[in-house]
Amino acid sequence: MEQQRLITELQTRGLHLGEVTPGVAGRQGGAGPSDHKAITLDGTTVMVPIYTGTASQSPYGVKNCGLDQGELTYGRQPLGSVSFPRPPQFYSLTTADGIPYWKIALLHSHDVLATTVQQTCMRYRDESTACQFCAIEKSLASDRTIARKTPDQLAEVAAAAVRLDGVKHMVMTTGTPHTSDRGAAYLSDCARAIKGRVSLPIQAQCEPPDDFVWFQRMKAAGIDSLGMHLEAVDDAVRARIMPGKAEVPVSYYFEAFAAAVQVFGWGQVSTYLLAGLGDSLETLVATSDRLIRLGVYPFVVPFVPITDTPLAQHPAPSTEFMFALYQQVSDLLQGAGMTSERIKAGCAKCGACSALSTFER
Ligand code: SF4
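What comes next is a walk through the structure. The model shown is predicted, which means the values in this text are computed figures rather than measured ones. (Residues numbered from 1 in each chain as written. Predicted model: local features only at pLDDT ≥ 70, side-chain atom pairs only at ≥ 80, totals over all residues. Heavy atoms only, no water.)

Bringing the packing of aromatic side chains into the picture now. With the rule as written, the count across this model stands at nine aromatic pairs. Seen in terms of ring centroids, Phe323 and Phe359 are 5.1 Å apart; in terms of plane orientation they differ by 75°. Their pairing is edge-to-face. With Phe323 in helix 10 (residues 319–336) and Phe359 in helix 12 (residues 356–360), the pair connects residues that are 36 residues apart, well separated along the chain. The same class applies to Phe323 as to Phe359, namely buried. When the ring of Tyr326 is compared with that of Phe359, the centres are 5.1 Å apart and the planes differ by 40°; the resulting orientation is tilted. Linking Tyr326 in helix 10 with Phe359 in helix 12, this pair joins segments that are 33 residues apart in sequence. (Phe/Tyr/Trp six-rings, centres within 6.5 Å; stacked < 30°, edge-to-face > 60°. Helix = DSSP H or I, 4+ residues; strand = E, 2+ residues; numbered from the N terminus. Buried < 20%, exposed > 50% of the residue type's maximum accessible area, 1.4 Å probe, protein only.)

Here it is, written out as C-alpha coordinates:
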(Lines give C-alpha, C1' and ligand atoms only; values in the text may rest on other atoms or scores of the structure.)
Protein backbone atom coordinates (compact mmCIF):
# COMPACT_ATOMS: atom_id res chain seq x y z
CA MET A 1 0.00 0.00 0.00
CA GLU A 2 1.36 3.45 -0.82
CA GLN A 3 2.63 5.37 2.18
CA GLN A 4 0.15 8.28 1.95
CA ARG A 5 -2.83 5.94 2.02
CA LEU A 6 -1.36 3.80 4.78
CA ILE A 7 -0.72 6.82 7.02
CA THR A 8 -4.18 8.19 6.29
CA GLU A 9 -5.71 4.79 7.14
CA LEU A 10 -3.72 4.43 10.35
CA GLN A 11 -4.64 7.92 11.53
CA THR A 12 -8.35 7.45 10.90
CA ARG A 13 -8.67 3.78 12.01
CA GLY A 14 -5.96 3.69 14.68
CA LEU A 15 -3.52 0.95 15.64
CA HIS A 16 -4.45 -1.91 17.95
CA LEU A 17 -1.44 -2.52 20.18
CA GLY A 18 -3.13 -4.63 22.86
CA GLU A 19 -0.86 -5.04 25.88
CA VAL A 20 2.27 -4.09 23.98
CA THR A 21 3.89 -0.74 24.90
CA PRO A 22 6.97 -0.22 22.77
CA GLY A 23 8.90 3.04 22.37
CA VAL A 24 8.13 6.35 23.99
CA ALA A 25 4.87 6.37 25.98
CA GLY A 26 1.79 7.56 24.11
CA ARG A 27 -0.24 10.61 25.11
CA GLN A 28 -3.50 10.14 26.96
CA GLY A 29 -5.58 13.26 27.54
CA GLY A 30 -4.04 16.70 27.34
CA ALA A 31 -4.56 19.53 24.86
CA GLY A 32 -5.06 19.00 21.14
CA PRO A 33 -4.87 15.66 19.33
CA SER A 34 -4.29 12.95 21.93
CA ASP A 35 -4.70 9.28 22.85
CA HIS A 36 -2.05 8.49 20.29
CA LYS A 37 1.55 7.36 19.91
CA ALA A 38 4.48 8.11 17.60
CA ILE A 39 5.38 5.45 15.04
CA THR A 40 7.90 5.61 12.21
CA LEU A 41 7.15 4.12 8.79
CA ASP A 42 9.79 4.30 6.09
CA GLY A 43 11.50 7.21 7.85
CA THR A 44 8.31 9.25 8.40
CA THR A 45 7.16 9.64 12.02
CA VAL A 46 3.42 10.07 12.53
CA MET A 47 1.08 10.08 15.50
CA VAL A 48 -1.44 7.25 15.38
CA PRO A 49 -4.43 6.76 17.72
CA ILE A 50 -3.91 3.79 20.05
CA TYR A 51 -6.00 4.47 23.16
CA THR A 52 -9.31 5.24 21.41
CA GLY A 53 -12.34 2.96 20.99
CA THR A 54 -11.77 3.09 17.22
CA ALA A 55 -8.17 1.89 17.65
CA SER A 56 -9.27 -1.09 19.75
CA GLN A 57 -11.37 -2.25 16.74
CA SER A 58 -8.72 -1.47 14.15
CA PRO A 59 -7.54 -4.22 11.77
CA TYR A 60 -4.03 -2.72 12.03
CA GLY A 61 -1.76 -4.24 14.66
CA VAL A 62 1.89 -5.01 15.38
CA LYS A 63 3.50 -8.43 15.81
CA ASN A 64 7.00 -9.54 16.82
CA CYS A 65 7.14 -6.30 18.75
CA GLY A 66 10.41 -5.46 20.48
CA LEU A 67 11.33 -2.39 22.50
CA ASP A 68 11.53 -0.08 19.53
CA GLN A 69 10.39 -1.98 16.44
CA GLY A 70 7.99 -4.56 15.13
CA GLU A 71 6.04 -5.70 12.12
CA LEU A 72 2.93 -3.81 11.09
CA THR A 73 0.01 -6.09 10.23
CA TYR A 74 -3.43 -5.80 8.64
CA GLY A 75 -5.49 -8.70 9.94
CA ARG A 76 -2.74 -11.32 9.98
CA GLN A 77 -1.08 -10.03 6.86
CA PRO A 78 2.37 -8.43 7.34
CA LEU A 79 2.71 -4.96 5.83
CA GLY A 80 6.34 -4.13 6.66
CA SER A 81 8.42 -2.95 9.53
CA VAL A 82 7.49 -0.17 11.92
CA SER A 83 9.65 1.47 14.56
CA PHE A 84 8.87 3.45 17.68
CA PRO A 85 10.92 6.46 18.84
CA ARG A 86 12.74 5.61 22.08
CA PRO A 87 11.94 7.53 25.28
CA PRO A 88 14.15 10.63 25.29
CA GLN A 89 16.94 10.99 27.82
CA PHE A 90 15.54 14.18 29.32
CA TYR A 91 12.58 12.15 30.69
CA SER A 92 14.89 10.72 33.37
CA LEU A 93 15.70 14.14 34.88
CA THR A 94 13.90 16.06 37.61
CA THR A 95 13.95 19.72 38.59
CA ALA A 96 15.65 20.86 41.78
CA ASP A 97 12.21 20.91 43.46
CA GLY A 98 11.56 17.29 42.44
CA ILE A 99 9.29 17.58 39.38
CA PRO A 100 10.07 15.06 36.62
CA TYR A 101 10.89 16.83 33.36
CA TRP A 102 8.25 14.74 31.52
CA LYS A 103 5.56 16.47 33.58
CA ILE A 104 6.78 19.81 32.24
CA ALA A 105 7.19 18.99 28.53
CA LEU A 106 6.94 15.93 26.30
CA LEU A 107 8.67 14.66 23.21
CA HIS A 108 6.22 14.71 20.30
CA SER A 109 6.91 12.80 17.12
CA HIS A 110 10.72 12.33 17.24
CA ASP A 111 12.21 15.82 17.47
CA VAL A 112 9.59 18.21 18.88
CA LEU A 113 9.35 19.41 22.47
CA ALA A 114 5.73 20.16 23.37
CA THR A 115 4.15 21.68 26.43
CA THR A 116 0.88 23.14 27.63
CA VAL A 117 2.06 26.10 29.70
CA GLN A 118 -1.28 26.37 31.49
CA GLN A 119 -3.19 23.11 31.77
CA THR A 120 -6.52 24.69 32.80
CA CYS A 121 -8.98 26.44 30.49
CA MET A 122 -11.75 28.92 31.26
CA ARG A 123 -14.05 27.01 28.91
CA TYR A 124 -13.33 23.45 30.05
CA ARG A 125 -15.29 22.88 33.26
CA ASP A 126 -18.67 24.10 32.05
CA GLU A 127 -20.30 21.86 29.46
CA SER A 128 -22.10 24.85 27.95
CA THR A 129 -18.71 26.29 26.92
CA ALA A 130 -16.29 23.34 26.71
CA CYS A 131 -14.91 22.13 23.40
CA GLN A 132 -16.31 18.62 23.15
CA PHE A 133 -13.21 17.08 21.62
CA CYS A 134 -10.82 18.39 24.26
CA ALA A 135 -9.18 16.57 27.18
CA ILE A 136 -6.88 19.36 28.41
CA GLU A 137 -7.46 18.81 32.13
CA LYS A 138 -7.50 14.98 32.01
CA SER A 139 -3.73 14.64 32.19
CA LEU A 140 -3.75 17.07 35.12
CA ALA A 141 -6.37 15.04 36.96
CA SER A 142 -4.28 11.89 36.55
CA ASP A 143 -1.11 13.60 37.81
CA ARG A 144 0.73 13.29 34.52
CA THR A 145 1.48 17.02 34.36
CA ILE A 146 1.41 20.16 36.49
CA ALA A 147 -1.13 22.98 36.21
CA ARG A 148 1.23 25.79 35.32
CA LYS A 149 4.79 25.44 34.09
CA THR A 150 7.04 28.31 35.10
CA PRO A 151 9.24 30.04 32.50
CA ASP A 152 12.33 28.82 34.39
CA GLN A 153 11.15 25.21 34.43
CA LEU A 154 10.46 25.33 30.69
CA ALA A 155 13.86 26.86 29.98
CA GLU A 156 15.56 24.15 32.04
CA VAL A 157 13.71 21.32 30.28
CA ALA A 158 14.17 22.85 26.81
CA ALA A 159 17.91 23.19 27.33
CA ALA A 160 18.15 19.54 28.41
CA ALA A 161 15.99 18.31 25.51
CA VAL A 162 18.22 20.11 23.02
CA ARG A 163 21.44 18.96 24.70
CA LEU A 164 20.51 15.33 25.33
CA ASP A 165 18.00 14.52 22.60
CA GLY A 166 18.58 17.02 19.84
CA VAL A 167 15.03 18.36 19.66
CA LYS A 168 14.64 20.74 16.72
CA HIS A 169 11.70 22.97 17.65
CA MET A 170 9.17 23.57 20.39
CA VAL A 171 5.39 23.89 20.59
CA MET A 172 3.83 25.82 23.46
CA THR A 173 0.09 25.76 23.75
CA THR A 174 -2.13 27.00 26.56
CA GLY A 175 -5.55 26.51 28.00
CA THR A 176 -7.44 29.78 27.55
CA PRO A 177 -7.18 32.00 30.64
CA HIS A 178 -9.80 34.58 31.69
CA THR A 179 -7.53 37.43 30.68
CA SER A 180 -8.22 39.31 27.44
CA ASP A 181 -4.75 38.57 26.05
CA ARG A 182 -5.87 34.89 25.88
CA GLY A 183 -2.52 33.69 27.23
CA ALA A 184 -0.27 35.73 24.93
CA ALA A 185 1.45 37.45 27.87
CA TYR A 186 2.36 34.23 29.65
CA LEU A 187 3.46 32.51 26.44
CA SER A 188 5.74 35.51 25.85
CA ASP A 189 7.22 35.22 29.36
CA CYS A 190 7.91 31.53 28.75
CA ALA A 191 9.46 32.14 25.32
CA ARG A 192 11.72 34.87 26.71
CA ALA A 193 13.05 32.55 29.41
CA ILE A 194 13.60 29.66 26.97
CA LYS A 195 15.35 31.80 24.37
CA GLY A 196 17.54 33.23 27.15
CA ARG A 197 18.81 29.73 27.79
CA VAL A 198 18.80 27.87 24.48
CA SER A 199 18.47 28.52 20.77
CA LEU A 200 15.30 26.67 19.85
CA PRO A 201 12.60 27.79 17.37
CA ILE A 202 9.26 28.16 19.17
CA GLN A 203 5.66 28.09 18.05
CA ALA A 204 3.03 29.49 20.41
CA GLN A 205 -0.63 28.55 20.18
CA CYS A 206 -3.52 30.55 21.64
CA GLU A 207 -6.89 32.04 20.82
CA PRO A 208 -6.84 35.45 19.11
CA PRO A 209 -6.06 38.11 21.75
CA ASP A 210 -8.20 41.23 22.17
CA ASP A 211 -5.41 43.52 21.01
CA PHE A 212 -3.26 42.51 18.06
CA VAL A 213 -0.30 44.43 19.50
CA TRP A 214 0.28 41.16 21.35
CA PHE A 215 1.63 39.64 18.14
CA GLN A 216 4.53 42.09 18.15
CA ARG A 217 5.18 41.44 21.82
CA MET A 218 5.14 37.68 21.24
CA LYS A 219 7.55 38.00 18.36
CA ALA A 220 9.85 40.27 20.38
CA ALA A 221 9.83 37.70 23.19
CA GLY A 222 11.24 35.04 20.85
CA ILE A 223 8.15 33.32 19.44
CA ASP A 224 8.88 32.41 15.81
CA SER A 225 5.53 31.12 14.56
CA LEU A 226 1.96 31.34 15.77
CA GLY A 227 -0.99 28.95 15.77
CA MET A 228 -4.56 30.18 16.27
CA HIS A 229 -6.85 27.24 15.81
CA LEU A 230 -10.23 27.44 14.13
CA GLU A 231 -10.82 23.66 14.56
CA ALA A 232 -14.24 23.91 12.85
CA VAL A 233 -15.61 26.51 10.45
CA ASP A 234 -19.33 26.20 9.81
CA ASP A 235 -21.31 28.23 12.39
CA ALA A 236 -23.67 25.35 13.20
CA VAL A 237 -20.78 22.91 13.67
CA ARG A 238 -18.87 25.39 15.83
CA ALA A 239 -21.91 26.08 18.03
CA ARG A 240 -22.49 22.36 18.55
CA ILE A 241 -18.89 21.17 19.02
CA MET A 242 -17.29 24.14 20.78
CA PRO A 243 -20.02 26.44 22.08
CA GLY A 244 -17.67 28.68 24.09
CA LYS A 245 -15.09 29.22 21.40
CA ALA A 246 -17.88 29.71 18.83
CA GLU A 247 -18.66 33.02 20.51
CA VAL A 248 -15.47 34.31 18.90
CA PRO A 249 -16.65 34.64 15.28
CA VAL A 250 -14.69 33.17 12.39
CA SER A 251 -14.43 36.72 11.01
CA TYR A 252 -12.44 37.73 14.11
CA TYR A 253 -10.03 34.83 13.54
CA PHE A 254 -9.48 36.07 10.00
CA GLU A 255 -8.77 39.62 11.24
CA ALA A 256 -6.29 38.12 13.70
CA PHE A 257 -4.70 35.95 10.97
CA ALA A 258 -4.16 38.98 8.74
CA ALA A 259 -2.56 40.95 11.59
CA ALA A 260 -0.40 38.00 12.68
CA VAL A 261 0.91 37.36 9.16
CA GLN A 262 2.11 40.99 9.10
CA VAL A 263 4.23 40.26 12.17
CA PHE A 264 5.32 36.62 11.85
CA GLY A 265 5.51 36.52 8.07
CA TRP A 266 3.79 34.70 5.20
CA GLY A 267 3.46 30.99 5.96
CA GLN A 268 4.54 31.35 9.62
CA VAL A 269 0.98 31.49 10.97
CA SER A 270 -1.12 28.33 11.00
CA THR A 271 -4.45 26.96 12.12
CA TYR A 272 -5.81 23.50 12.87
CA LEU A 273 -8.83 22.36 10.90
CA LEU A 274 -10.25 19.20 12.49
CA ALA A 275 -11.85 17.12 9.75
CA GLY A 276 -14.72 14.84 10.70
CA LEU A 277 -16.57 17.13 13.09
CA GLY A 278 -19.24 18.07 10.55
CA ASP A 279 -17.65 20.55 8.14
CA SER A 280 -18.08 19.40 4.54
CA LEU A 281 -15.17 18.71 2.23
CA GLU A 282 -16.14 21.81 0.24
CA THR A 283 -16.13 24.01 3.35
CA LEU A 284 -12.74 22.72 4.50
CA VAL A 285 -11.17 23.16 1.06
CA ALA A 286 -12.68 26.63 0.52
CA THR A 287 -11.51 27.71 3.99
CA SER A 288 -8.02 26.35 3.33
CA ASP A 289 -7.96 28.32 0.08
CA ARG A 290 -8.94 31.51 1.90
CA LEU A 291 -6.31 30.88 4.59
CA ILE A 292 -3.51 30.21 2.12
CA ARG A 293 -4.33 33.39 0.19
CA LEU A 294 -3.89 35.25 3.48
CA GLY A 295 -0.54 33.55 4.18
CA VAL A 296 -1.85 31.08 6.77
CA TYR A 297 -0.99 27.36 6.64
CA PRO A 298 -4.16 25.22 7.04
CA PHE A 299 -3.11 22.23 9.11
CA VAL A 300 -5.87 19.74 8.32
CA VAL A 301 -5.97 16.90 10.81
CA PRO A 302 -8.37 13.98 11.26
CA PHE A 303 -10.50 14.35 14.37
CA VAL A 304 -9.50 11.71 16.98
CA PRO A 305 -12.34 10.63 19.32
CA ILE A 306 -10.58 10.91 22.68
CA THR A 307 -11.63 8.63 25.54
CA ASP A 308 -13.77 10.22 28.29
CA THR A 309 -14.74 13.23 26.22
CA PRO A 310 -18.28 13.96 24.97
CA LEU A 311 -17.13 12.99 21.47
CA ALA A 312 -15.54 9.66 22.49
CA GLN A 313 -18.18 7.78 20.44
CA HIS A 314 -18.18 10.22 17.51
CA PRO A 315 -16.79 8.46 14.43
CA ALA A 316 -13.39 9.44 13.08
CA PRO A 317 -13.51 10.66 9.46
CA SER A 318 -13.21 8.05 6.72
CA THR A 319 -9.94 7.41 4.92
CA GLU A 320 -11.60 8.47 1.64
CA PHE A 321 -12.70 11.81 3.11
CA MET A 322 -9.21 12.54 4.45
CA PHE A 323 -7.51 11.41 1.27
CA ALA A 324 -9.64 13.73 -0.87
CA LEU A 325 -9.08 16.59 1.57
CA TYR A 326 -5.30 16.11 1.63
CA GLN A 327 -5.14 15.98 -2.16
CA GLN A 328 -7.12 19.18 -2.62
CA VAL A 329 -5.40 21.15 0.16
CA SER A 330 -1.93 20.04 -0.94
CA ASP A 331 -2.76 21.20 -4.49
CA LEU A 332 -3.64 24.62 -3.08
CA LEU A 333 -0.45 24.70 -1.01
CA GLN A 334 1.65 23.76 -4.00
CA GLY A 335 -0.05 26.40 -6.15
CA ALA A 336 0.87 29.03 -3.58
CA GLY A 337 4.38 27.67 -2.93
CA MET A 338 3.59 27.23 0.78
CA THR A 339 5.29 24.32 2.54
CA SER A 340 5.34 22.90 6.05
CA GLU A 341 9.12 22.61 5.78
CA ARG A 342 9.62 26.37 5.68
CA ILE A 343 7.67 26.94 8.87
CA LYS A 344 10.15 27.69 11.65
CA ALA A 345 8.40 25.73 14.41
CA GLY A 346 5.17 24.09 15.44
CA CYS A 347 2.56 21.50 14.63
CA ALA A 348 2.33 22.23 10.91
CA LYS A 349 6.12 21.90 10.66
CA CYS A 350 6.09 18.66 12.68
CA GLY A 351 3.14 17.39 10.68
CA ALA A 352 2.91 14.12 12.61
CA CYS A 353 -0.79 14.43 13.47
CA SER A 354 -1.75 14.64 9.81
CA ALA A 355 -0.72 13.02 6.52
CA LEU A 356 -0.82 16.41 4.75
CA SER A 357 2.94 16.93 4.59
CA THR A 358 3.39 13.56 2.82
CA PHE A 359 1.08 14.90 0.08
CA GLU A 360 3.27 18.00 -0.29
CA ARG A 361 6.17 15.92 -1.56
S1 SF4 B 1 1.63 17.88 15.04
FE2 SF4 B 1 1.70 19.05 16.98
S3 SF4 B 1 0.46 17.86 18.44
FE4 SF4 B 1 0.97 16.50 16.68
S5 SF4 B 1 2.84 15.44 17.31
FE6 SF4 B 1 3.49 17.22 16.14
S7 SF4 B 1 3.84 18.83 17.67
FE8 SF4 B 1 2.62 17.23 18.65
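With that settled, the discussion passes to the sheet that holds strand 10 (residues 225–227). Neighbouring strands of a sheet are bound in pairs by backbone hydrogen bonds; such pairs are parallel or else antiparallel. With mixed pairing, seven strands are arranged side by side in an open sheet as 6-7-8-9-10-11-12. Each edge of the open sheet is held by one strand with a lone partner, namely strand 6 (106–108) and strand 12 (296–302). The sheet shows a mean angle of 25° between the axes of neighbouring strands, taken without regard to direction. In this sheet, strand 11 (residues 269–275) lies alongside strand 10 in parallel orientation, the contact comprising two bridges. Looking across to strand 11, one finds that Gly227 is bridged to Ser270. Across the face of the sheet, helix 8 (residues 250–264) comes into contact with strand 10, strand 11 and strand 12 while running at roughly 135° to strand 11. (Pairing = 2+ DSSP bridges. Axes fitted to C-alpha atoms, helices over the stretch in contact; angles between N-to-C directions. Contact = heavy atoms within 4.5 Å.)

By nearness alone, every residue bordering the ligand is listed as Met47, His108, Val112, Val171, Tyr272, Phe299, Cys347, Cys350, Ala352 and Cys353. Considered class by class, the residues forming the shell around the ligand number nine nonpolar, one polar and no charged. (Near = heavy atom within 4 Å. Nonpolar A, V, L, I, M, F, W, Y, C, P; charged D, E, K, R; others polar.)

So yeah, pure geometry; function would need other evidence.
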